[in-house]
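Chain by chain, the residues run as shown.
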Amino acid sequence: MFGRKAVTTAKIGQGHPLKHRVLDAAAGAMQPKYPLNAMSTYLNAFHMYADEMGRQVEAVHFCIHLRHDLHQCVIFDRNAADARLIGIEYITTEERFRGLPDEEKRLWHSHHYEVKSGELVAPGIPDLAEHAYFSDLATTYGKTFHTWQYDRDDFPYGIPQLMMAFTQDGQANEAQIHDRDRRVGVSTAHKRQSRADIPWPEVVPGANSWESGHTVQTRLQEMDFTR
């Protein structure tokens, strides 16, 4: 474990001052990182900006099932040592989602199509185990913000942006999906076929707000400072 961490730190530390590389290596070997160690599930999917379907990005999730009705995930642009941290996602159950205020529901998207289409995958997990996991995930809802618009900039400019998921065929960029499949070693078409027996859940009203033709997105607003 120490050897792997040392090699990784050396790989991504090129150009850093020596004292920083030494500190990074020592911290990687000595400091406990309990939240990171608990991130047990690796998922790969695609998100679109809540106000622009044409802006679609690959999103690599690392998640922990924090409570029976809540997952929390950190999102990167790829699964690599030098990956860029691009956002977060919270995932909740249908039961919990139904009880949310209407304004809150507008921030959430359903996972039914991501699961049924095969677009959402868990690379490296045997099909049987993955099928059981996604059977449960199909009825869940997610709230996602991306903090780095890496499709536009090589630096995390701006404010977090609300993201959404696809809900039917013809929306996702097929070329991006094929490229992901090739790199990760999965087949979206195969996943879709193997999940055909997972029931289509009825989406709770309020999710996927963009489908109404109106959406919400984050903007900066100047305010008076309160002491």
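Whatever comes next refers back to the structure up there.
If you're wondering where the values come from, they're calculated on a predicted model, not measured in any experiment.

Chemist: Before we move on, could you go through the side chain of Gln 217 and cite the residues and values that matter?
Modeler: Tracing the backbone through its elements, the reader meets Gln 217 in the segment after helix H9 (188-194). A polar contact is formed between the side chain of Gln 217 and the side chain of Asp 51, at a distance of 3.2 Å. A polar contact of 2.6 Å, which involves the side chain of Gln 217, links it to the backbone nitrogen of Leu 162.

Chemist: I'd like a description of helix H7 (residues 127-137), backed by residues and values.
Modeler: Within an α-helix, residues lying three or four positions from one another point in the same direction, as the helix has 3.6 residues per turn. Of all the residues in H7, the buried ones are Glu 130, Phe 134 and Leu 137. Taken around the axis of H7, the buried residues stretch over an arc of 50 degrees, which confines them to a single face. Summarising the geometry of H7, the exposed residues directed more than 90 degrees from the buried face are Leu 128 and Asp 136. Tucked into the core, H7 has its buried residues touching strand S1 (41-49), strand S4 (85-92), helix H6 (112-117) and H9.

Chemist: Give me the lowdown on the nonpolar core, citing residues and values where you can.
Modeler: Leu 43, Ala 45, Cys 63, Cys 73, Ile 91, Val 115, Leu 120, Ala 122, Phe 134, Leu 137, Ala 138 and Ile 198 form the largest nonpolar core, which has twelve residues in total. Those elements giving two or more residues to this core turn out to be S1 and H7. Contacts of Leu 137, omitting those with residues within four sequence positions, involve Ile 91, His 111, Val 115 and Leu 120. Ranked by size, the runner-up nonpolar core spans eleven residues in total, among them Phe 46, Met 48, Ala 50 and Met 164.

Chemist: Please give an account of the state of the cysteines that cites residues and values.
Modeler: Taken as a whole and judged by the stated rule, the model has one disulfide. Here Cys 63 pairs with Cys 73 through a disulfide, and the sulfurs are 2.1 Å apart. Looking down the S-S bond of the Cys 63 and Cys 73 bridge, the torsion is 105 degrees, so its handedness is right-handed. Pair noted here: Cys 63 is in strand S2 (residues 52-67) and Cys 73 is in strand S3 (residues 70-76), with a separation of ten residues, a long-range link.

Chemist: Can you lay out the layout of surface pockets for me, pointing to particular residues and giving the numbers?
Modeler: Volume-wise, the second largest pocket comes out at about 170 Å³. Around the second largest pocket sit 14 residues that line it, and Ser 117, Glu 174, Ile 177, Thr 188 and Arg 192 are the ones nearest its centre. Those elements that place two or more of their residues in the lining of the second largest pocket are H6, helix H8 (174-184) and H9. With four residues, the single largest contributor to the lining of the second largest pocket is H8.

Chemist: Describe the pairing of S2, naming the residues involved and giving the relevant values.
Modeler: Inspection of the sheet shows S1 paired to S2 by nine bridges, in the antiparallel sense. Among the inter-strand pairings, Ala 45 is bridged to a residue of S2, identified as Ala 59. Remark: two residues form the turn of the hairpin made by S1 and S2, two consecutive strands paired antiparallel. Where S2 lies against S3, seven bridges are found, and the strand directions are antiparallel.

Here is what the cut-offs are and how they apply
- Residues numbered from 1 in each chain as written.
- Predicted model: local features only at pLDDT ≥ 70, side-chain atom pairs only at ≥ 80, totals over all residues.
- Heavy atoms only, no water.
- Helix = DSSP H or I, 4+ residues; strand = E, 2+ residues; numbered from the N terminus.
- Polar contact = N/O pair within 3.5 Å; in protein donor to acceptor, adjacent residues only side chain to side chain.
- Buried < 20%, exposed > 50% of the residue type's maximum accessible area, 1.4 Å probe, protein only.
- Arc of directions from axis to C-beta.
- Contact = heavy atoms within 4.5 Å.
- Core = buried A, V, L, I, M, F, W, Y, C linked by side-chain atoms within 4.5 Å.
- Disulfide = S-S within 2.5 Å.
- 1 Å grid on protein atoms, 1.4 Å probe; cavity = no way out; pocket = protein on both sides within 12 Å on 5 of 7 lines; lining within 4 Å.
- Points joined across faces, edges and corners; volume = space filled by probe spheres on them.
- Pairing = 2+ DSSP bridges.

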